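Spelled out from the first residue to the last, the chains are:
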Amino acid sequence: MTGVQTCALPIYLKALAENKSALLVAPTWNEIEAVTGKIRIALKTAGRLADEEKEFEVFDSLSWTQAQKRDACQYRPGMVIRFHQRKADFAKDETVAVVAVENNSIKVQREDGSENLFPLGAGCAGFDVGEKRKLKIAAGDKLLLQANAVAVRKHFVNGELVEVKRVAGESIILTDGRTIPADYRTFTHGYAVTSHAAQGKTVDEVLLVASSRSLPAINQEQFYVSISRGRERCQIFTDDSELLRSHVTHSSARLAAVEAMPQRDFLQTILQRGNRFMKRFRQRIAQSLSIETTERSSHEIKPTEHQRTTARHVSV
């Protein structure tokens, strides 16, 4: 775990101890997995997470854009495709494994061992790309749901954060009374998420963790989405202030328009609402606002008029 993750961990645990809702946001899934493991160990030590756990095989979505799904170069053998709706010869809810990439098509293997070519192109909204992996679940765990579904007249919404009450065989009982059935395995731990997965969520405190190796994945739009999720406070942890400045002071709107068209309207709305905030943020950076390398700084960004009304604090 990196230095910035080590600094963020006690702040996150302190928020939970004060019965506040908290969310860690990181640019990459590699960083998310690293900090998630440390969080679960700390929660077990504190008695907030049961020691007994059960291992489930889950479909872990890569949260690709439509442009990424159409690009054959993005695929690797071992990846998994899950169909939300019927497409070509593939049934709804069918899962196939990628075995090879050929020109603009991919070769996939079905559960019966047969192989088929799957042409990429239009209709990419009908499937999701991810990986199958083992995930340990215990009572007290927070989960991030990654697919819409209806089971036993209960709805599960993609992007929803839920908490585990107990594990009963192949089913997972949630604290809200719902049960995740054995045929729903599209979820992951929900302690830390990407800025994309953070859209639409609001918590008391947000901790943005961005080590130097993951900073290339950050842009102005993602940065604003991340810091605007906290009702009371957002704290930023990084080990390269100069690189962070260069990424959050430049927009990737052109890239988003070409490669992530489904998000375009949302990002434009976010940018309009956050324009004043970003101007203030750039001004403060220009005044040599320091971001400590591995220790949390006490500096605080002057809030905009909108933030004054919500008493939100952003510290780096």
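This section reports on the structure supplied with the text.

Criteria and thresholds
Residues numbered from 1 in each chain as written. Predicted model: local features only at pLDDT ≥ 70, side-chain atom pairs only at ≥ 80, totals over all residues. Heavy atoms only, no water. Pairing = 2+ DSSP bridges. Helix = DSSP H or I, 4+ residues; strand = E, 2+ residues; numbered from the N terminus. Buried < 20%, exposed > 50% of the residue type's maximum accessible area, 1.4 Å probe, protein only. Right-handed = clockwise from strand over helix to strand, strands pointing away. Axes fitted to C-alpha atoms, helices over the stretch in contact; angles between N-to-C directions. Core = buried A, V, L, I, M, F, W, Y, C linked by side-chain atoms within 4.5 Å. Contact = heavy atoms within 4.5 Å. Phe/Tyr/Trp six-rings, centres within 6.5 Å; stacked < 30°, edge-to-face > 60°. Lys NZ or Arg CZ within 6 Å of the ring centre and 35° of its normal.

Quick look at the sheet that holds strand S8 (residues 142-145) now. Strand order in the open sheet formed by five strands is S13-S12-S11-S8-S14, with antiparallel pairing between adjacent strands. One side of each edge strand has no neighbouring strand; the edge strands of this open sheet are strand S13 (179-180) and strand S14 (187-189).

Another aspect to go through is the pairing of strand S16 (residues 203-210). Extensive coverage of S16 is indicated by the burial of eight of its eight residues. One ladder, built from four bridges, connects strand S1 (residues 22-25) with S16; its direction is parallel. Bridge pairing in S16 places Leu23 opposite Val206. In terms of strand pairing, S16 meets strand S17 (residues 230-238) through seven bridges, oriented parallel. Pairing of Val203 across the sheet is with Gly230, part of S17. Crossover connection from S16 via helix H5 (residues 220-227) to parallel S17: handedness right-handed.

A word on the sheet that holds strand S6 (residues 115-119). Judged by pairing direction, the sheet is antiparallel, and its six strands sit side by side in the order S2-S7-S3-S4-S5-S6 without closing on themselves. Since the sheet does not close on itself, it has two edges, and those belong to strand S2 (53-61) and S6, each with one partner. For this sheet the average axis-to-axis angle between neighbouring strands, irrespective of direction, equals 45 degrees. Pairing between strand S4 (residues 95-102) and strand S5 (residues 105-109): five bridges, direction antiparallel. Residue pairing for S5: Val98 is matched across the bridge by Val108.

Tyr12, Leu24 and Ile39 are the most contacted members of the largest nonpolar core, which has 42 residues in total. Ranked by the residues each element gives to this core, the list is headed by helix H1 (residues 3-17), at eight residues. Here Leu24 is in contact with Ala8, Tyr12, Val35, Ile39, Tyr191, Ala192, Val193, Leu207 and Val209, once residues within four sequence places are set aside. Residues Tyr75, Ile81, Leu120 and Val129 belong to the second largest nonpolar core, which totals 16 residues.

Summed over all chains, the structure comprises eight aromatic pairs. Summarising the aromatic geometry, the rings of Phe83 and Phe90 are spaced 4.9 Å apart at their centres and angled 10 degrees between planes, so their arrangement reads as stacked. Ring centres of Phe83 and Phe118 lie 5.5 Å apart, and the angle between their planes is 80 degrees; on these two criteria the pair is classed as edge-to-face. You can see Phe83 sitting in strand S3 (residues 80-83) and its partner Phe118 sitting in strand S6, a full 35 residues away along the chain. By relative accessible area, Phe83 is classed as buried at 0%. What links up through ring pairs into an aromatic cluster is the set Phe83, Phe90, Phe118 and Phe127. The ring of Phe56 carries the charged tip of Lys54 above its face, separated from the ring centre by 5.8 Å. Over the ring of Phe127 we find Lys69, and its NZ or CZ is 5.5 Å from the ring centre.

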